[in-house]
Amino acid sequence: MQNGDNYPLFTKGYVPDCKKRKTETEKRKKEYEATGRKREFKSNWLKEFTWLRYDCAKNQMTCNTCKVYGNETVGPFILGSMTFRKECLKSHEKSECHMLNIEREYAKLNPTKTIAPKTLQSLNLKTMNQLSLKFRNAHFLCKFGKPYTDYEELCKLDEAKSLDVGSQYGNDKAALEFTKFIAEAERERIRSHIKTCKFVSVISDGTTDCSFQEAEIVLIRTCSKGDISVFFSLVKNVPRGDAQTVCEVLTSGLKLLCPEFKDKLIGTDGASTMLGAKTGAVQRLRELTDRPYIVGVHCNGHKLELAFRDSLKAKITLFNKVELFLINLYYFYRNSNVTRTGLKDSYKTLGMKVMLPVRIGGTRWLSHMKTAVNVFLNGYNAIVQHLGQLQNRDVQVSRTEKGNKALHFYRAARSKDVFLLMHFLLDVLGILSEVSKKFQEKTCLIQDILTEIDMAIKSLEKLKTRDGLHLREAYQHAKFNELTGNERAFVSAREKLISAIIESLRLRFTDQPGIISACQAFSLRLFPAHESDALDYGDTEVDMLVDYFRQALETAGTEVDQLAPEWTKLKSHIYKRFDNPSTITWRDVNSKLGQVCPNILQLVDPVLSIPASSADAERGFSRLKNTKTDKRSRLLNGHLSDQLMIMMESSDPNSFDPVPAITLWNVGNRRVQQEQTVNVVLANGVRDDSANNTVNVVEHDENFNVVEHSPDRETMVSSIYVESSPVNYVSNTVSVGSENEPNDELVTLDENSNTVQNSSERETLIKPSHVESSHVKIVSNSSEQEISSQVNVVALERSECNEKSVQCEINECKESVEIGIQVNVSD
């Protein structure tokens, strides 16, 4: 013992049999891995493993599916792995937790292909038709901004049309519930689309609603293969509109539709609150996502209006006079019904269409100022005639304050310099308003902004020495020679106004070089007319974009080394496949050249994803103010977001499909009393009028052990009539349980109260001879909500195909729910 003979484990130099000695090959391989081999991430892995994400800054690999859908908080592919071995990727892909998360992701993105088909089998055709009518009514209310209280009247209208809508879910509470699931169905559709996109941008803006609260709206812009889409996310009331609050709202909106936004965010739009260099919302997003290359763009539509306002600071006296004249004229007719009626009579006397003066400002779009000037000039004869009548000394009103105002307006309207400047403004505003409308388009591209501004500047330069269309009409006007004054003030104002506008445009747009100017390389309108001129076109700009978005491109799986040669190849193919590049879109290019130049086209997508303006947010505010009115000022953020989601993203009532929403509603968070279904199965059944069977509803734990239940949790089954023998019922209904796993299971007990195991088809057989003593237990994951239901199963007529339709009526809380089930009958 002292020598260790009986204890060889403690003998010096002993090696256990279970431990193998490393061979020389294994030792050399290990030494090579430690010293000689430097492993790096391969970009082609992103194509082979779609769930893989790579962070260039941290030099780490992560599994996007496990991070989003996994319950684990630790793990190499959740925290970040630096083991760049393909074997590790294959091992993770085959792991049990990863495969489970893949199933969760599929169930989340495809709700109608998992639980829904099973649950929809619990609804017969009659019930589906009733629900379809009610979901359509709820959709109609939200689509047109109607209150929920109108839902009950719509249901009554359907009944008046002899439509069967059923007796349940006919109040405004049901409409609110249906709206929630219709909106969620739209969100699921949008999430599925965004899932296929590699880059997203966020659009946000703020306004004050009818309840005098600050409201922030969030939209998401995506581009996939040249196809641009903008989706509404949410609207939320906030206590203040500072950068921190805006950043929190943006994060909430991104998480709602794009949970993996930290790997896809590429740009954002906003005002000065968003674009602060140190503490702005865009900078906070960069720090949150660890993506310093996120592009922040100030709304170009707003910048255009600000540029025009900046030009007015040049103190152009005549323009200020015209602007003040139009504002006061608007309020002169707006605040007096008598003067407004007199102007209408003046229009009718001259046989002209009535056009009352409109407000000159109030929004950021220049087209409103153009409309105000245009309305005045179109109704010039009627307005001057009416103003002349009001300042006539023979009229009593001429001696009042209103008469003095009319005299002032009459003299200003008949001034030659005012008349000429208004026509000149139509020419100027016509150019700028067309640019503004381009900026307001949903598919407006950031690379086309500078192109539109350059074209506008060239057109304005011509107006310095060349009369525009409307100015020529002013000189040819029938009453031009009757006007008073001279043109000296107009000539001076014309030169100053054009110079000030051009200077402001250059200051706010073209004099700001950077990544935005490099995006012009992807403007198809700027492509040279001939291929020979396009040899070096855009090479410098593409290199700049590649350096700026390198990290994002590598994360998205783009082969960055192939971008420069593919750019040359792309230009050559564009000239060969298309006659004129300026008439095509990037969607057309992707459809024909997507397989030829895949990498360079992936660089186009982030550029197209960057928003050019916040016009989509402004359109959302218009819908918001139509929905949240003074009578509906207490709408909560969630309900308001649901209504706007339906209003902005859902299809028209004529083409609306309620089935996806009904599917979510049927498997979603509904009341247990509304969805309780009891399945009774008889074998060798005979008619027994005295049958009175008790069905106990119990709960079970994770191991399917029965948990003791209270005595009042029971459902009475009575009056069971089956005229055929034998009857086999296979349950197709899964209607009680959690949202993700509705685990209803019918089991039977023998005479000794032992559970009889069910078949794989989920059959439950109850011996009719023991119908009074047998107990059917429903094992469920349902919530702890009391259930008390009386079930009557009544046999109806038998069809020729040996199928019997059984109608199951559940009376609960003085309400009736009809659920149709099918049983197979074999004689």
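Rules of the game
- Residues numbered from 1 in each chain as written.
- Predicted model: local features only at pLDDT ≥ 70, side-chain atom pairs only at ≥ 80, totals over all residues.
- Heavy atoms only, no water.
- Axes fitted to C-alpha atoms, helices over the stretch in contact; angles between N-to-C directions.
- Helix = DSSP H or I, 4+ residues; strand = E, 2+ residues; numbered from the N terminus.
- Parallel < 35°, antiparallel > 145°, perpendicular 65-115°, else oblique.
- Left-handed = near helix turned anticlockwise from the far one by under 90°.
- Contact = heavy atoms within 4.5 Å.
- Patch = residues over 30% accessible without salt bridge, like charges linked within 9 Å, V, L, I, M, F, W, Y side chains within 5 Å.
- Areas by Shrake-Rupley, 256 points an atom, 1.4 Å probe, with all protein chains shown as cover.
- Salt bridge = Lys/Arg side-chain N within 4 Å of Asp/Glu carboxyl O.
- Lys, Arg positive; Asp, Glu negative; His and termini not counted.
- Charge placed at Lys NZ, Arg CZ, Asp CG, Glu CD.
- Buried < 20%, exposed > 50% of the residue type's maximum accessible area, 1.4 Å probe, protein only.
- Nonpolar A, V, L, I, M, F, W, Y, C, P; charged D, E, K, R; others polar.
- Disulfide = S-S within 2.5 Å.
- Polar contact = N/O pair within 3.5 Å; in protein donor to acceptor, adjacent residues only side chain to side chain.
- Core = buried A, V, L, I, M, F, W, Y, C linked by side-chain atoms within 4.5 Å.
- Pairing = 2+ DSSP bridges.

Caption draft 1: Region of interest: the packing of helix α10 (residues 172–195) against helix α31 (residues 659–667). At a closest axis distance of 8 Å, the pairing of α10 and α31 adopts a crossing angle of 115°. It follows from the interaxial angle that α10 and α31 lie roughly perpendicular. The crossing of α10 and α31 is right-handed. Here Glu177, Phe178, Phe181, Ile182, Glu184, Ala185 and Glu188 of α10 lie close against α31, whose contacting residues are Pro660, Ala661, Leu664 and Trp665.

Caption draft 2: Representation of the side chain of Gln520 within the structure. Note on placement: Gln520 falls in the loop between α23 (515–518) and α24 (539–548). With sequence-adjacent residues up to four places away left out, Gln520 is seen in contact with Gln447, Leu450, Thr451, Leu526 and Tyr537.

Caption draft 3: A look at a positive patch on the surface. On the surface, Lys58, Lys67, Lys255 and Lys262 cluster together to form a positively charged patch. Residue placement: Lys262 occurs in the loop between α11 (243–257) and β6 (265–270). Since its relative accessible area comes to 39%, Lys262 is described here as partly exposed.

Caption draft 4: Quick peek at unusual backbone geometry. Although it is not a glycine, Asn59 sits at a positive phi angle of roughly 55°. Inspection of the secondary structure puts Asn59 in the loop between β1 (52–55) and β2 (60–63). Judged by its relative accessible area of 29%, Asn59 falls in the partly exposed class.

Caption draft 5: Spotlight on the packing of helix α26 (residues 563–577) against helix α28 (residues 598–609). α28 packs onto α26 with a crossing angle of 90° between their chain directions and a minimal axis gap of 8 Å. Looking at the two axes, α26 sits roughly perpendicular to α28. Contact with α26, carried on its side by Leu563, Glu566, Trp567 and Leu570, involves Pro598, Asn599, Ile600 and Leu601 of α28 and no other residues of that element. A class-by-class count of the residues in the contact of α26 with α28 yields six nonpolar, one polar and one charged.

Caption draft 6: Spotlight on the state of the cysteines. For the structure on display, the rule yields zero disulfides. Considering cysteine sulfurs only, Cys444 is the nearest to Cys299, which forms no disulfide, with 9.7 Å between them.

Caption draft 7: Molecular detail of the environment of Thr179. Looking at where Thr179 falls in the secondary structure, it is placed in helix α10. The class of Thr179 is buried, set by a relative accessible area of 1%. Residues Thr179 and Leu141, spaced 38 residues apart in sequence, show a C-alpha to C-alpha distance of 9.1 Å. If near-sequence neighbours (up to four positions away) are discounted, Thr179 is found in contact with Ala138, Cys142, Tyr148, Asp642 and Ile646. Within the structure, Thr179 has its side chain in polar contact with the backbone oxygen of Ala175 (distance 2.7 Å).

Caption draft 8: Representation of the nonpolar core in the model. One finds Phe376, Leu460, Leu505 and Leu570 to be the most contacted residues of the largest nonpolar core, which totals 110 residues. Ranked by the residues each element gives to this core, the list is headed by helix α19 (residues 416–440), at 14 residues. In this view, Phe376 contacts Phe325, Leu326, Leu329, Ile383, Ala413 and Met422; residues no more than four positions away in its chain are not counted. Residues Ala174, Phe181, Val238 and Val249 belong to the second largest nonpolar core, which totals 61 residues.

Caption draft 9: Broad picture of the pattern of salt bridges. Per the stated rule, a full pass over the model turns up 23 salt bridges. The shortest N-O distance in the salt bridge between Lys264 and Glu260 comes to 3.2 Å. Exposure remark for Lys264: the relative accessible area of 4% places this residue in the buried category. A cluster of three or more residues bridged by salt bridges with shared partners is formed by Glu184, Arg187, Glu188, Arg191 and Asp642.

Caption draft 10: Local environment of the pairing of strand β4 (residues 214–224). In terms of burial, β4 is largely enclosed, as nine of its eleven residues are buried. Note: strand β3 (residues 200–208) against β4, nine bridges, orientation antiparallel. Within the sheet, the bridge partner assigned to Ile203 lies in β4 and is Leu219. Linking β3 back to β4 in an antiparallel pair, the connection comprises five residues, with Phe212 at a positive phi of about 60°. Adjacent in sequence and paired antiparallel, β4 and strand β5 (residues 227–238) are bridged by two residues, among which Lys225 carries a positive phi angle near 55°.

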